[in-house]
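# Coordinate inspection notes
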Amino acid sequence: PMAMVTHLVHKSASGKLAVIGVLMRESAQQNRALALIWKHMPKQEGPEVTVPGVSINPAQLLPESQAHYAYEGSLTTPPCTEGVKFFIMKMPIGIQKEMIDSFPFKMNARPVQPLNGRKISAS
């Protein structure tokens, strides 16, 4: 178990989905991209918003090592679309305790699912 995980969801022109999962563990070190996200994050669930003048480079959310686990699964939130390629980074990034505590969406994780014959590869 980790403190949190970020899912970077990608959709190809043909509609295929891929997710890069970045695990996060509690750390005193601040990630500037995460700090910017937390500063502008909605305080409650609602429609998607764009914050004028704020730009995030998702590469800043990735760990130094690109080693990962890969498998086919489904989205973890409705509509739980299947056939999604997952790439879970092996090395976690740090997140400050204050950020974890202030995250407004508590217990929004789906329980671990059985393998059901899925193959997990590692790089």
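Up top you'll find the structure we're talking about.
Everything quoted here is computed from the prediction, not taken from an experiment. (Residues numbered from 1 in each chain as written. Predicted model: local features only at pLDDT ≥ 70, side-chain atom pairs only at ≥ 80, totals over all residues. Heavy atoms only, no water.)

### Thoughts on unusual backbone geometry
The step from proline 78 to proline 79 runs through a cis peptide bond, and the omega angle for that step is 15°. Among the structural elements, proline 79 can be located in the loop between β3 (68-74) and β4 (82-89). Not every positive phi belongs to a glycine, and cysteine 80 is a case in point at roughly 55°. Examined against the element boundaries, cysteine 80 turns out to sit in the loop between β3 and β4. In this structure, asparagine 116 takes a positive phi of about 50° despite not being glycine. Residue position: asparagine 116 is located in the loop between α2 (97-102) and β6 (121-122). (Helix = DSSP H or I, 4+ residues; strand = E, 2+ residues; numbered from the N terminus.)

### A word on the pattern of salt bridges
In this structure the tally under the stated criterion is 1 salt bridge. Here lysine 97 and aspartate 101 are joined by a salt bridge, their closest N and O atoms 2.9 Å apart. A residue pair is termed a helical-turn pair when its members lie 3 or 4 positions apart in one helix, as lysine 97 and aspartate 101 do in helix α2 at 4 residues. For lysine 97, a relative accessible area of 40% puts it in the partly exposed group. (Salt bridge = Lys/Arg side-chain N within 4 Å of Asp/Glu carboxyl O. Buried < 20%, exposed > 50% of the residue type's maximum accessible area, 1.4 Å probe, protein only.)

### Considering the side chain of serine 74
Looking at the secondary structure, you find serine 74 in strand β3. Residue class for serine 74 comes out buried when judged on its relative accessible area of 14%.

### So, the environment of alanine 3
Looking at the secondary structure, you find alanine 3 in the segment before β1 (4-11). Classification of alanine 3 by relative accessible area gives partly exposed; the value is 37%. Sequence separation of alanine 3 and proline 92 is 89 residues, and the distance between their C-alpha atoms is 10.0 Å. Setting aside residues up to four positions removed in sequence, alanine 3 forms contacts with Met24, Arg25, Glu26, Ile95 and Ile100. (Contact = heavy atoms within 4.5 Å.)

### Section: the nonpolar core
Formed by 15 residues in total, the largest nonpolar core has its most connected members in Met4, Met24, Leu34, Trp38 and Ile95. Taken together, the elements giving at least two residues each to this core come down to β1, β2 (17-26), α1 (32-40), β5 (93-95) and α2. Sequence-distant contacts of leucine 34, that is, excluding residues within four places in its chain, are made with Met24, Leu61, Ile93, Gly94, Ile95 and Met99. Counting residues in hydrophobic clusters, the runner-up holds 6 residues, among them Leu17, Leu75, Val84 and Ile88. (Core = buried A, V, L, I, M, F, W, Y, C linked by side-chain atoms within 4.5 Å.)

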